Amino acid sequence: MVKELVVIGGGPAGLAAALSARENGIEDILIIERDVQLGGILNQCIHNGFGLHTFKEELTGPEYAQRYIDLIHENNIDYVLNTIVTHISEDKVITLMSAKDGLYHISAKSIILAMGCRERPRGALNIPGKRPAGIYSAGTAQRLVNIEGRMIGKKVVILGSGDIGLIMARRMVLEGADVQLVAEIMPFSGGLTRNIVQCLDDYGIPLKLSHTVVDIQGDKRVESVTIAMVDKSLQPIPGTEKTYECDTLLLSCGLIPENELSHQLGISMNQVTTGAFVNESLETNVEGIFACGNVLHVHDLVDYVSEESKQAGQSASLYLKGLQNKEGKDIRIVTTDGVRYSVPSTLNVSRMQERQIIRFRVGRVYRDAYVSVYVDDTRIKHLRKRILTPGEMEQVLLRSDELHPFENIDQITIKIEEV
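What counts, and at which threshold
- Residues numbered from 1 in each chain as written.
- Predicted model: local features only at pLDDT ≥ 70, side-chain atom pairs only at ≥ 80, totals over all residues.
- Heavy atoms only, no water.
- Buried < 20%, exposed > 50% of the residue type's maximum accessible area, 1.4 Å probe, protein only.
- Helix = DSSP H or I, 4+ residues; strand = E, 2+ residues; numbered from the N terminus.
- Right-handed = clockwise from strand over helix to strand, strands pointing away.
- Pairing = 2+ DSSP bridges.
- Expected span 1.5 Å × (residues − 1).
- Contact = heavy atoms within 4.5 Å.
- Polar contact = N/O pair within 3.5 Å; in protein donor to acceptor, adjacent residues only side chain to side chain.

Draft legend 1. Spotlight on the pairing of strand β2 (residues 29-32). The two faces of β2 match: Ile29 and Ile31 on one face and Leu30 and Ile32 on the other face are all buried. As a crossover connection, the stretch from strand β1 (residues 2-8) through helix α1 (residues 12-23) into β2 is right-handed. As paired elements, β2 and strand β5 (residues 78-80) share 3 bridges and run parallel to each other. Along β5, the bridge assignment pairs Ile31 with Tyr79.

So this is what it looks like as structure tokens:
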């Protein structure tokens, strides 16, 4: 079987990318999804707050996903469920496996990677103590409570202040649990400010920054955890330990893009994001393979995932039609002085759209600082920001007419400049 475009992942990124490709004239599209339904992680995110940018109204996660699923059906875009991609060869032959069809192969002319991300497991956190029942990742807890209708505990401690952990703090309270606190090893939260306010402050749940779990007590079930303050090197400070009785520990300690398939393909990876390096078309270093959504870098808003993925679908359609501009050179986007990374990481002025969004995250909290953009040594943007935090993705908009006056650009630099 040969397909023009194969989209791997049927979550918000994959759905938006497939729809965009169809809108741009690509008819032969297949979405591959490993779950039992389209929609991805949104299906278990039953809280509201989605869609304000995309649909100009506030939706729950399943409602947001359903908007796109309905469009997939209306446009007769093919998809398969309960199907896992096990391998992609250099010539874009995809190996798939499902209970229904067994092991089979599909050849693709172009591929969009939209596999999303997974939670950082407890084993990667090096928490000492025993391994009793009652320890869950926040995402697993969300699925158990919201989809399977199980109550996972009555007295809860949460380690990590990522958005899923903050949202589950509120969710557990609404289900009748006593949430003792949220401990965060960093001196700042990893989640959106609005989630800190709406999920912790509004429910009287304390957030202890620069704190971590140093011990877990309990044999068959968690009985208590010990929390300690950490120093600037993130090491526990002796004498600051405090033990909290609980029967459940939720871990919300970061997300990791699902890039095993990308590694197989030899795609160049960014060590900061653990996602692929991409150009302004969201194309990887492997021709005809694009990446978007949380497999590229972890987003804070699904609306931005949809916006980015729409661009990936459009770029893939240009590639398939042979309309991709091959002229010009790739200019490095250098991130420094507080900016951790950027997406894209290179920019071709001859190929870029009239308006190109550059998304990035900062490494710490900044107040009353400037986001500055330099073309070589010339500063072209100096944007004042009241606050910049690692938990919220930032962006700058570059216009092609701002860059055309420059000749032989060596690099574009994005940095934070403090007052």
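Now, onward.
Draft legend 2. Broad picture of helix α4 (residues 163-174). With 12 residues, α4 extends 17 Å from end C-alpha to end C-alpha; this agrees with the ideal 16 Å at 1.5 Å per step. A large share of α4 lies buried, amounting to 9 of its 12 residues. Three or more residues of α4 are buried, namely Asp163, Gly165, Leu166, Ile167, Met168, Ala169, Arg170, Arg171 and Met172. Remark: Gly176 follows α4 within two positions and exhibits a positive phi of approximately 100 degrees.

Draft legend 3. Up close: the environment of Thr413. Position of Thr413 among the secondary structure elements: in strand β27 (residues 411-418). Between the C-alpha atoms of Thr413 and Ala17, which are 396 residues apart in sequence, the distance is 29 Å. For Thr413, the contacting residues outside a window of four places in its chain are Val334, Thr336, Ser372, Val373 and Tyr374. Side-chain polar atoms of Thr413 contact the side chain of Gln411, separated by 3.1 Å.

Draft legend 4. Fine view of the environment of Thr346. Looking at where Thr346 falls in the secondary structure, it is placed in strand β22 (residues 346-347). C-alpha separation for the pair Thr346 and Ala114, spaced 232 residues apart in sequence, amounts to 20 Å.

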